[in-house]
Amino acid sequence: MMECYQAYADYHDMMRLTEDMFATVAQRVIGTMTIPYGDQKINLAPPWKRITLRDAIRKGCGIDFDDYPDIDSLRQKMREMNMDVDMTKDRGRLIDELVSTYVEPKLIQPTFLYDYPIEMSPLAKRKRDDAHLVERFEAFIGGIEVANSFTELNNPVEQEERFKDQARDLGKAADGEEEVIDDDFVLALEYGMPPTGGLGVGIDRLVMMLTDKQSIREVILFPQLKTKE
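Model, not experiment: these values are computed from the prediction. (Residues numbered from 1 in each chain as written. Predicted model: local features only at pLDDT ≥ 70, side-chain atom pairs only at ≥ 80, totals over all residues. Heavy atoms only, no water.)

*Asks:* It is not clear to me how the pattern of salt bridges should be interpreted in this structure. Could you clarify?
*Replies:* Where charged atoms from two side chains of opposite charge approach closely, those side chains can pair. Following the criterion strictly, the structure yields 16 salt bridges and no others. A salt bridge links E135 to R128, with the shortest nitrogen-to-oxygen separation between them at 2.7 Å. For R128, a relative accessible area of 64% corresponds to the exposed category. Bridged by salt links that share partners, the residues R54, D55, R58, D64 and D66 form one connected network. (Salt bridge = Lys/Arg side-chain N within 4 Å of Asp/Glu carboxyl O. Buried < 20%, exposed > 50% of the residue type's maximum accessible area, 1.4 Å probe, protein only.)

This is how it looks when you write it as structure tokens:
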């Protein structure tokens, strides 16, 4: 994993950093930005496709999560569509399940999914023109997530409330998880944090793309995780 922060940046800056970095690495390592991956040809050259999470899910399975603002209504809609509904999952995790099932496998060419529901990202900053969403994206190539990023939440009062809301939601879900509020992190924010963009990249997944490997075990350095001949 590679992680970085950039002060006085947001998730749009991180999108540009991500697509430029992937394209540059491919060009320097294998001499081209167009790579074979399975039976596909992947073009890493910027700019990558950008689509909101809401539009991607709506296109993938017909559910508009804005129409189902609470967990009960979303569960009901999923049941009506004959989808399996895990009663231990909160609204954010059910939306994530919709992404994994109906959206992610179809994202072959480099794509940014952005603007996530606030329930899915307790550390991300609210979208400036929609308080129900946060400034977050995930990047996908070949049907696999390769990067995750968001504009960091730097308001200590809101961050503490988010932690409390998350703890309550997990308690209602009754899935055995216990969420502990990170008081040290909130205290650090009280001292001050500039507007910041954060990014995490799965290096092993990037190596999978550049070497045309379908299993992550083929690029991890630990031999006990490789397939036995």
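*Asks:* Looking at this model, I keep getting lost on the nonpolar core. Mind explaining?
*Replies:* Inside soluble globular proteins, nonpolar side chains tend to come together where they are buried. If you look at the biggest cluster of nonpolar residues, it comprises 27 residues, and the most contacted ones within it are L53, I57, I63, M78 and L113. Residue assignment for this core shows that the elements contributing at least two residues are α2 (53–61), α3 (71–80), α4 (91–103), β5 (111–117) and β7 (130–141). (Core = buried A, V, L, I, M, F, W, Y, C linked by side-chain atoms within 4.5 Å. Helix = DSSP H or I, 4+ residues; strand = E, 2+ residues; numbered from the N terminus.)

*Asks:* What is the right way to read the layout of surface pockets from this model?
*Replies:* The gaps of empty space that remain are located by a probe, the size of a water molecule, rolled over the atoms. For the second largest pocket, the calculated volume is near 320 Å³. Lining the second largest pocket are 19 residues, and of these M1, E3, N148, L199 and G200 lie nearest its centre. Sorting the residues of the lining of the second largest pocket by element identifies β1 (2–7), β8 (144–151) and β9 (196–201) as the ones contributing at least two each. Across the lining of the second largest pocket, the residue classes tally to 10 nonpolar, five polar and four charged. (1 Å grid on protein atoms, 1.4 Å probe; cavity = no way out; pocket = protein on both sides within 12 Å on 5 of 7 lines; lining within 4 Å. Points joined across faces, edges and corners; volume = space filled by probe spheres on them. Nonpolar A, V, L, I, M, F, W, Y, C, P; charged D, E, K, R; others polar.)

*Asks:* I keep staring at unusual backbone geometry and nothing clicks. Help me out?
*Replies:* Trans peptide bonds make up the majority, and among non-glycine residues the majority have a negative phi. Geometrically, the link from P46 to P47 is a cis peptide bond, its omega value of 0° lying close to zero. Along the chain, P47 turns up in the loop between β3 (40–43) and β4 (49–52). Even without being glycine, Y8 reaches a positive phi, approximately 60°. For Y8, the position within the fold is in the loop between β1 and α1 (11–30). Positioned with a positive phi, D212 is a non-glycine residue whose angle comes to about 55°. Structurally, the position occupied by D212 is in the segment after α7 (203–211).

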